[in-house]
Amino acid sequence: MTVTIYHNPACGTSRNVLALIRNAKIEPAIIEYLKTPPSRETLIDLIARMGVPVRSVIREKDTPFAELGLANPALPDAALLDAMMAHPILINRPIVVTPLGVKLCRPSETVLDILPAAQRAAFSKEDGETVVDPAGRRIR
């Protein structure tokens, strides 16, 4: 069972998702995408497997999004992908790949929808919000 996370250790949401994966007793392949960005082909494949528009995978906050004029709705997907390839910080995170699917896991508990194993213990996010009870059940 292979689980992969495109991770940014400086991101609280990404750290929470990694911790949730590990709470299911899964040790994922961790790709620090700022150090090792996905290829254009891989990014296109991930987006297609998520079934979302390219634009929905672009991170706006704390990135060169505005300076690059990426808010322009007329920009084609190819231009958005070019920007993400040139500036990997524009790729929103964390993206998780499991045998059950691929998701941009924001909020972090979204990862529970695609994990192939149950949570093993209670889990609270870094901000203190409890998302898994002591029996390993998701709190909604």
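One can find the structure itself at the top, above this paragraph.
Residues numbered from 1 in each chain as written. Predicted model: local features only at pLDDT ≥ 70, side-chain atom pairs only at ≥ 80, totals over all residues. Heavy atoms only, no water.

Caption draft 1: Representation of the pattern of salt bridges. Counted by the stated rule, this structure contains nine salt bridges. Two residues, Glu27 and Arg22, come together in a salt bridge whose shortest N-O distance is 2.9 Å. Asp82 is the salt-bridge partner of Arg40, the closest N and O atoms lying 2.6 Å from each other. Separated by 42 residues along the polypeptide, Arg40 in helix 2 (residues 40-50) and Asp82 in helix 3 (residues 77-86) bring together distant segments of the chain. Relative accessible area serves as the criterion here: at 25%, Arg40 is assigned to the partly exposed category. (Salt bridge = Lys/Arg side-chain N within 4 Å of Asp/Glu carboxyl O. Helix = DSSP H or I, 4+ residues; strand = E, 2+ residues; numbered from the N terminus. Buried < 20%, exposed > 50% of the residue type's maximum accessible area, 1.4 Å probe, protein only.)

Caption draft 2: Region of interest: the nonpolar core. Formed by 21 residues in total, the largest nonpolar core has its most connected members in Leu46, Ile47, Met50, Met84, Leu90, Ile91 and Ile95. Contributions of two or more residues to this core are made by helix 2, helix 3, strand 3 (95-98) and strand 4 (101-104). Other than its neighbours up to four places away in sequence, Ile95 contacts Thr4, Ile5, Tyr6, Leu46, Met50, Val57, Val102, Lys103 and Leu104. Membership of the second largest hydrophobic core comes to 18 residues, among which are Ile5, Leu18, Leu20 and Val131. (Core = buried A, V, L, I, M, F, W, Y, C linked by side-chain atoms within 4.5 Å. Contact = heavy atoms within 4.5 Å.)

Caption draft 3: Highlighting the packing of helix 2 against helix 3. Between helix 2 and helix 3, whose axes approach to 11 Å, the crossing angle comes to 120 degrees. Relative to helix 3, the element helix 2 is oriented oblique. Helix-helix and strand crossings are classified by hand; for helix 2 and helix 3 the assignment is right-handed. Each of Arg40, Leu43, Ile44 and Ile47 in helix 2 lies in contact with helix 3, whose residues at this interface are Ala78, Leu81, Asp82, Met84 and Met85. (Axes fitted to C-alpha atoms, helices over the stretch in contact; angles between N-to-C directions. Parallel < 35°, antiparallel > 145°, perpendicular 65-115°, else oblique. Left-handed = near helix turned anticlockwise from the far one by under 90°.)

Caption draft 4: Looking closely at the sheet that holds strand 3. Taken in spatial order, the four strands make up an open sheet running 2-1-3-4, and their pairing is mixed. Taken across any chain shown, the strands that pair with only one partner, and hence form the sheet edges, are strand 2 (29-32) and strand 4. Recorded for the sheet is a direction-independent mean angle of 15 degrees between the axes of neighbouring strands. The pairing of strand 1 (residues 4-7) with strand 3 spans three bridges and is antiparallel. Looking at the pairing, Ile5 lines up with Val96 of strand 3. Across the sheet, helix 2 lies against strand 1, strand 3 and strand 4, angled at about 100 degrees from strand 4, the strand it touches most. (Pairing = 2+ DSSP bridges.)

Caption draft 5: A look at the environment of Asp133. Topologically, Asp133 is positioned in the segment after strand 6 (130-132). With relative accessibility at 14%, the residue Asp133 sits in the buried group. On a C-alpha basis, the gap between Asp133 and Thr63 in space is 35 Å, while along the polypeptide they are 70 residues apart. Asp133 has contacts with Ala121, Ala122 and Ile139, leaving out every residue within four places of it along the chain.

Caption draft 6: Spatial organisation of the environment of Pro107. Relative to the helices and strands, Pro107 is located in the loop between strand 4 and strand 5 (123-124). Spatially, the C-alpha atoms of Pro107 and Glu67 are 26 Å apart, while their sequence positions differ by 40 residues.

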